[in-house]
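Listed below, chain by chain, are the residues.
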Amino acid sequence: MATYVNGGVLSWLMTAIAWGILIIGAIFMIRRQKHQAPFWKAFLVFVVGVFTISYTFEPRGIMVRIPILQLAVLILYLTLRRKNGRWERYRRFAWFGFAGNILLAIMALAAIPLSSIVYPSDDPATYLSNPEKVSLVQSHPAASNVSLDQKKLAEQLDGMTEAQPDGESWYRESTVEGEDQSKAPERFPYLLSGVEPKWGSGLSSLIYVEGNGKGLLILSGDTQYYYQLSESIIKGGGAE
């Protein structure tokens, strides 16, 4: 079956639209048949025809299944061909179910650019929709006793500058040979708590705050984004 999930509201909406078109089309086809087959049997053949052996891939967290082998139609053919005229009567409903996989796959693929528009992956507001409600927690022993300036965070959310994360350099900074690693410096010793992504995105992320309060490291799935701020969003503990 070609379908998609994990893409939030857009995924489920596109799935519902595709299934709605298929079900209405199946009902219309069944009612217009010349040699009337029982409605429930014809509809059951249609539903069975939707199931396939598929190739699955997952771009932007949206699972897409492309139909490869119509195993259900083959089973129906082997079952119904032994009964005179049965396969000829029901085969179009089975093939319509199989063809419906193409529509489901198209809708799945269409959700990818739509998701990029509605939930841009390079926009920090996609991952942090409630800056006025989040709090700061210490995620490393090197963290100081500071608090979050929610007002400054909210004010700078749309004006952050994306920069290239340098994981190798940051790792070297936090590694002190021959010393207790709990006492080693950490570039991102704070974590934002209570983070909520943009409604309907279906995303989950971890957002770390730089030690000087002028940077955010957003981890979402296998992707990371680093944003720099003009003013520090932490206060107290000697923060700038």
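Refer to the structure above for everything that follows.
Rules used throughout
- Note that residues are indexed from 1 along each chain, following the sequence as it is written.
- Reporting in this predicted model follows two pLDDT cut-offs: at least 70 for local features of residues, and 80 or more for side-chain atom pairs to be given and counted; totals over whole chains, interfaces and linings ignore these cut-offs and use all residues.
- The side-chain quantities take in all heavy atoms of the structure and omit both hydrogens and water.
- Any carboxyl oxygen of Asp or Glu that lies within 4 Å of a side-chain nitrogen of Lys or Arg is treated as forming a salt bridge with it.
- Helix and strand assignments come from DSSP, with helices taken as H or I runs of at least 4 residues and strands as E runs of at least 2, each series counted from the N terminus.
- Strand pairing is assigned whenever DSSP identifies at least 2 bridges connecting the two strands.
- In this analysis, axes come from line fits to C-alpha atoms, helices being fitted only over the stretch in contact, and the angle between any two N-to-C directions falls in the range 0 to 180 degrees.
- Multiplying one less than the number of residues by 1.5 Å gives the expected span of a helix.
- Consider a residue and the seven residues that end there alongside the seven that start there; fitting an axis to each set, the bend is the angle between those axes.
- Relative accessibility thresholds used throughout: buried, under 20% of the residue-type maximum; exposed, over 50%; partly exposed, between the two (1.4 Å probe, protein chains only).
- N or O atoms within 3.5 Å of each other form a polar contact, as long as, within protein, one can give a hydrogen and the other can take it, and as long as residues adjacent in sequence are counted only when both atoms are side-chain atoms.
- Should any heavy atoms of two residues lie within 4.5 Å, those residues are considered in contact.
- Roughly parallel means an angle under 35 degrees; roughly antiparallel, over 145; roughly perpendicular, 65 to 115; everything else is oblique.
- By definition, any crossing whose near helix is turned counterclockwise from its far helix by less than a right angle is left-handed, and any crossing with a clockwise turn is right-handed.
- Residues are sorted three ways: Asp, Glu, Lys and Arg are charged, Ala, Val, Leu, Ile, Met, Phe, Trp, Tyr, Cys and Pro are nonpolar, and all the rest, Gly among them, are polar.

## Comments concerning the pattern of salt bridges
Counted according to the given criterion, the structure contains two salt bridges. Between Glu231 and Lys152 there is a salt bridge whose closest N-O contact spans 3.6 Å. Highlighted residues: Glu231 in the loop between strand S9 (223–228) and strand S10 (234–235) and Lys152 in helix H6 (residues 150–156), separated in sequence by 79 residues.

## A closer look at the sheet that holds strand S7 (residues 206–209)
Strand order in the open sheet made by the six strands is S3-S6-S7-S8-S9-S5, with antiparallel pairing throughout. Sheet topology places strand S3 (135–138) and strand S5 (161–163) at the edges, where each strand pairs with a single neighbour. Sheet twist, expressed as the average angle between the axes of neighbouring strands with direction ignored, equals 35°. Of the strand pairs in this sheet, strand S6 (residues 190–193) and S7 are connected by two bridges, and their pairing is antiparallel.

## Some details on helix H4 (residues 86–118)
The end-to-end C-alpha distance of H4, which contains 33 residues, comes to 48 Å, matching closely the 48 Å that a straight helix rising 1.5 Å per residue would cover. Along H4, the sharpest kink reaches roughly 30°, centred on Arg92.

## Focus: the side chain of Asn130
Take Asn130: it is sitting in the loop between helix H5 (124–127) and S3. Among the residues examined, Asn130 registers a relative accessible area of 5% and is labelled buried. Side-chain polar atoms of Asn130 contact the backbone oxygen of Gly194, separated by 2.9 Å. What Asn130 contacts, discounting residues up to four positions off in sequence, is Gly194, Val195 and Glu196.

## Examining the packing of helix H1 (residues 9–31) against H4
In contact at an axis separation of 9 Å, H1 and H4 are set at 155° when each is read in the N-to-C sense. When the axes of H1 and H4 are compared, the pair comes out roughly antiparallel. At the point where H1 passes H4, the crossing takes the right-handed sense. On H4, the residues that touch Leu10, Met14, Ile17, Ala18, Trp19, Ile21, Leu22, Gly25, Ala26, Met29 and Ile30 of H1 are Arg92, Phe93, Phe96, Gly100, Leu103, Leu104, Met107, Ala110, Ala111, Leu114, Ser115 and Val118. For the contact of H1 with H4, the residue count by class is 19 nonpolar, three polar and one charged.

That's the geometry; what it means functionally is another story.
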